[in-house]
Amino acid sequence: MSFLSDALSRVKPSPTIAVTTLAQELKAAGQDVIGLGAGEPDFDTPANIKDAAIAAIHAGKTKYTAPDGIPELKQAICAKLARENGLRYTPAQVSVGSGGKQTLYNALMATLNPGDEVLIPAPYWVSYPDMVLLAGGTPVTIEASLETAFKITPDQLEAAITPKTKWLIFNSPSNPTGAGYSRAELKALTDVLMRHPHVWVMTDDMYEHLAYDDFEFCTPAQVEPGLYERTLTCNGVSKAYAMTGWRIGYAAGPEPLIAAMRKIQSQSTSNPCSISQWAAVEALNGPQDYLAPNAEMFRRRRDLVVSMLNAIEGVTCPVPEGAFYVYPSIKSLIGKTSAAGTRITDDESFCRALLEETGVAVVFGAAFGLSPNFRVSYATSDEALTEACTRIQSFCAALS
Ligand SMILES: Cc1ncc(COP(=O)(O)O)c(C=O)c1O
């Protein structure tokens, strides 16, 4: 009998973290590796945010805080949700956690019983199904296709709902595809949800500020106010403010759910780092002027990567609306053999051969629930992206 819990046997380690770690190891061993696996901005946290953290340290704000956040941060989150999303929440409806990941995890832990189903559009962020499994629920994927630009349709959503469905996890713009639902597309989905009052929505708005061209970000409770009472609006400072290491995420929703999440957090991590919370207050309340130029820089990189990948015969790469990922299909390359003699049987063998033969690290699509594809994170310099895409082009051209 294993010493480890049954719950652990249900989940796998994060494949994206595994790829990033492998790329770092190969680099440390002296190999010429370009890592396109990491899901974080390549620039530094803005100076005003760092200064706020340093000021917090000097002011002695270094003690335990309320389990789900200091009042000042909850207030800043309420102001942000009103200002940017037209959503009215009180501080008692807000939960702050150690990263968006913990907030989502707390919500699932607080609500799932064995047999409860959670709808997850695929391709999905790698952690959703595993967090559902850890919390004892059943992930039910709804597969979006390349043909629908990686977005699920209202009919698919309708067909996936059962009496056991508890949540729909909704993520737009998406990790790993960058796909963003327009207001009309989202409204068509919320119309379905309005017909099923037992289904709640957990919306992961982490990439809100990374949206390009004329794409208008919107979130379910904003598009359909009728869903407000059964929506948990989740967001965080990690991606928009380049604060992945600070570990601050948040959720807003009905008070009883927020109280249940608080209970879990008070018995696990106690509270998010006090210093990071003060930094997040500054991130949300301080100047927002760098968000647009950052998004413009990412748009340029997206266009660079999409055009270089689409120039490859056998690779199809839709233009995503946001985030910093693209998710090209390699359907036409399956069955071929690489220059070094590796047979490409699936996206995992493609990515392994690509890393071994060219030093470019990307994440295979099977990790995100839709194959054969791979995910490129373009949150790195133009030079690195150009070099990496040139290597991918040569690798694919040499396939026979
Ligand atoms: C869709 C999505 N949600 C949540 C997170 C987690 O963010 P955090 O670093 O704040 O935990 C990520 C990070 O990769 C993500 O891509």
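Here the residue index of a chain counts from 1 through its sequence in written order. Local features in a predicted model are, by the rule used here, given only for residues with pLDDT of at least 70; side-chain atom pairs are given and counted only at 80 or more, and totals for whole chains, interfaces and linings are based on all residues. The basis for every side-chain value is the complete set of non-hydrogen atoms in the structure, without hydrogens or water.

**A look at the overall build of the protein**
Logical step 1: Numbered from the N terminus, helices here are DSSP runs of H or I no shorter than four residues, and strands are runs of E no shorter than two. The helix and strand inventory of the protein stands at 14 helices and 12 strands.
Logical step 2: On C-alpha atoms alone, the protein measures out to a radius of gyration of 21 Å, which is about the 21 Å that the 2.2 N^0.38 rule sets for 400 residues.
Logical step 3: The principal-axis extents of the C-alpha atoms in the protein amount to approximately 60 × 55 × 55 Å.
Logical step 4: When burial is assessed residue by residue, the protein has 55% of its 400 residues classed as buried.
Logical step 5: The Shrake-Rupley method, run with a 1.4 Å probe, gives the accessible areas here. Residue values count only the displayed protein chains as cover. With an accessible surface of roughly 16,100 Å², the protein has 56% of that area assigned to carbon and sulfur atoms.
Logical step 6: Counting rule applied: Lys, Arg positive; Asp, Glu negative; His and chain ends not counted. Throughout, a charge is located at the NZ atom of Lys, the CZ atom of Arg, the CG atom of Asp or the CD atom of Glu. Averaged over its 32 positive side-chain charges, the protein has a centre that lies 4 Å from the centre of its 42 negative ones. The quantity called the radius of gyration is restricted to C-alpha atoms. Its globule counterpart is 2.2 Å times the number of residues to the power 0.38. Residue exposure (1.4 Å probe, protein chains only): buried if accessible area is under 20% of the type maximum, exposed if over 50%, otherwise partly exposed.

**Things to note about the packing of helix α5 (residues 100-111) against helix α10 (residues 255-266)**
Logical step 1: At a minimum axis separation of 9 Å, α5 and α10 run at an interaxial angle of 105°. By the angle class used here, α5 and α10 are roughly perpendicular. Contacts between α5 and α10 involve Q102, T103, N106, A107, M109, A110 and T111 from the first element and L257, A260, M261, I264 and Q265 from the second. Every axis corresponds to a line fitted to the C-alpha atoms, with the helix fit spanning only the stretch in contact, and the corresponding angles, defined between N-to-C directions, vary from 0 to 180 degrees. Oblique is the label for any angle not covered by the other classes, which are roughly parallel (under 35 degrees), roughly antiparallel (over 145) and roughly perpendicular (65 to 115). Here a residue-residue contact requires only that any non-hydrogen atoms of the pair lie within 4.5 Å.

**Concerning the nonpolar core**
Logical step 1: Take the buried Ala, Val, Leu, Ile, Met, Phe, Trp, Tyr and Cys residues and link them wherever side-chain atoms come within 4.5 Å; each set so joined is a nonpolar core. Core analysis: the biggest nonpolar cluster contains 77 residues, and L108, M202, L232, L309, F350, F374 and C396 have the highest contact counts within it.
Logical step 2: The start and end points of each domain follow an automatic or database-based domain assignment. For this core, the domains that each give at least three residues are domain 1 (6-44 + 290-397) and domain 2 (63-285).
Logical step 3: Once residues within four sequence positions are removed from consideration, F350 is found in contact with I330, L333, I344, F374, F395 and C396.
Logical step 4: Within the second largest apolar cluster, 30 residues are counted, among which are L81, Y89, V94 and Y290.

**Quick word on the domain arrangement of the protein**
Logical step 1: If you check the domain split of the protein, you get domain 1 (6-44 + 290-397) and domain 2 (63-285).
Logical step 2: Distance from the C-alpha centre of domain 1 to the C-alpha centre of domain 2: 26 Å.
Logical step 3: By buried area we mean how much accessible surface two parts lose on assembly, using a 1.4 Å probe and totalling the loss over both. Taking both sides of the interface into account, the surface hidden between domain 1 and domain 2 amounts to around 3,000 Å²; carbon and sulfur atoms contribute 62%.
Logical step 4: When a carboxyl oxygen of Asp or Glu lies within 4 Å of a side-chain nitrogen of Lys or Arg, that pair is called a salt bridge. Here domain 1 is connected to domain 2 by two salt bridges.
Logical step 5: A 3.5 Å cut-off defines polar contacts: any pair of N or O atoms within that distance qualifies, except that in protein one atom must be a possible hydrogen donor and the other a possible acceptor, and neighbouring residues in sequence count only when both atoms are side-chain atoms. If you look at where domain 1 meets domain 2, you find 14 residue pairs in polar contact (both at pLDDT 80 or more).
Logical step 6: Among the secondary structure elements, those contributing two or more residues to the side of domain 1 that touches domain 2 are α2 (15-28), α12 (291-310) and β9 (325-326).
Logical step 7: With five residues, α12 is the largest single contributor of residues to the side of domain 1 that touches domain 2.
Logical step 8: The class makeup of the residues in the side of domain 1 that touches domain 2 is 21 nonpolar, eight polar and eight charged. Put simply, Ala, Val, Leu, Ile, Met, Phe, Trp, Tyr, Cys and Pro go in the nonpolar bin, Asp, Glu, Lys and Arg in the charged bin, and everything else, Gly too, in the polar bin.

**Focus: unusual backbone geometry**
Logical step 1: The step from A122 to P123 runs through a cis peptide bond, and the omega angle for that step is 0°.
Logical step 2: By the element assignment, P123 lies in the loop between β3 (117-122) and α6 (127-134).
Logical step 3: Omega for the peptide link from S371 to P372 comes to -5°, which places this bond in the cis form.
Logical step 4: Tracing the backbone shows P372 in the loop between β11 (363-364) and β12 (374-377).
Logical step 5: Look at A149: it is not a glycine, yet its phi comes out positive at around 55°.
Logical step 6: Looking at where A149 falls in the secondary structure, it is placed in the loop between β4 (138-143) and α7 (154-160).
Logical step 7: Judged by relative accessible area, which is 31%, A149 ranks as partly exposed.

**Quick word on the pattern of salt bridges**
Logical step 1: Per the counting criterion, the structure on display carries 22 salt bridges.
Logical step 2: Between K151 and E185 there is a salt bridge, with the nearest N and O atoms lying 3.0 Å from each other. Of this pair, K151 sits in the loop between β4 and α7 while E185 sits in helix α8 (residues 183-194), and the two are 34 residues apart along the sequence.
Logical step 3: Beyond isolated ion pairs, a larger network of salt bridges with shared partners links D213, E296, R299, R302 and D303.

**Observations concerning the environment of E147**
Logical step 1: Mapped onto the secondary structure, E147 falls in the loop between β4 and α7.
Logical step 2: E147 sits 171 residues away from P318 along the chain, and the two C-alpha atoms are 9.3 Å apart.

**Side note on the packing of helix α4 (residues 71-85) against helix α11 (residues 274-285)**
Logical step 1: Interhelical geometry of α4 versus α11 gives an angle of 25° and a closest axis separation of 9 Å. With respect to each other, α4 and α11 are oriented roughly parallel. Judged by the twist between their axes, the crossing of α4 over α11 is left-handed. Mapping the contact onto sequence places E72, L73, A76, I77, K80 and R83 in α4 and Q277, W278, A280, V281, L284 and N285 in α11. Crossings are assigned a handedness: left-handed for a near helix turned anticlockwise from the far helix by less than a right angle, right-handed for a clockwise turn.

**What about the side chain of R230?**
Logical step 1: Its location among the elements puts R230 in the loop between α9 (220-223) and β7 (231-236).
Logical step 2: For the buried residue R230, which engages in no salt bridge, the nearest side chain bearing the opposite charge is E224, 8.0 Å off.

**Overview of the sheet that holds strand β5 (residues 165-171)**
Logical step 1: In space, the seven strands of this open sheet follow the order β2-β8-β7-β6-β5-β3-β4, with mixed pairing throughout. Either end of the sheet is taken by a strand with one partner, and the two such strands are β2 (94-97) and β4. Strand-to-strand twist of the sheet, defined as the mean angle between neighbouring strand axes without regard to direction, takes the value 20°.
Logical step 2: At least two DSSP bridges between two strands are needed for those strands to be called paired. Bridging between β7 and strand β8 (residues 249-252) involves four bridges; their strand directions are antiparallel. Looking at β8, one finds that C234 is bridged to A251.
Logical step 3: Packing of α4 onto the sheet brings it into contact with β2, β7 and β8, and relative to β2 it is tilted by some 115°.

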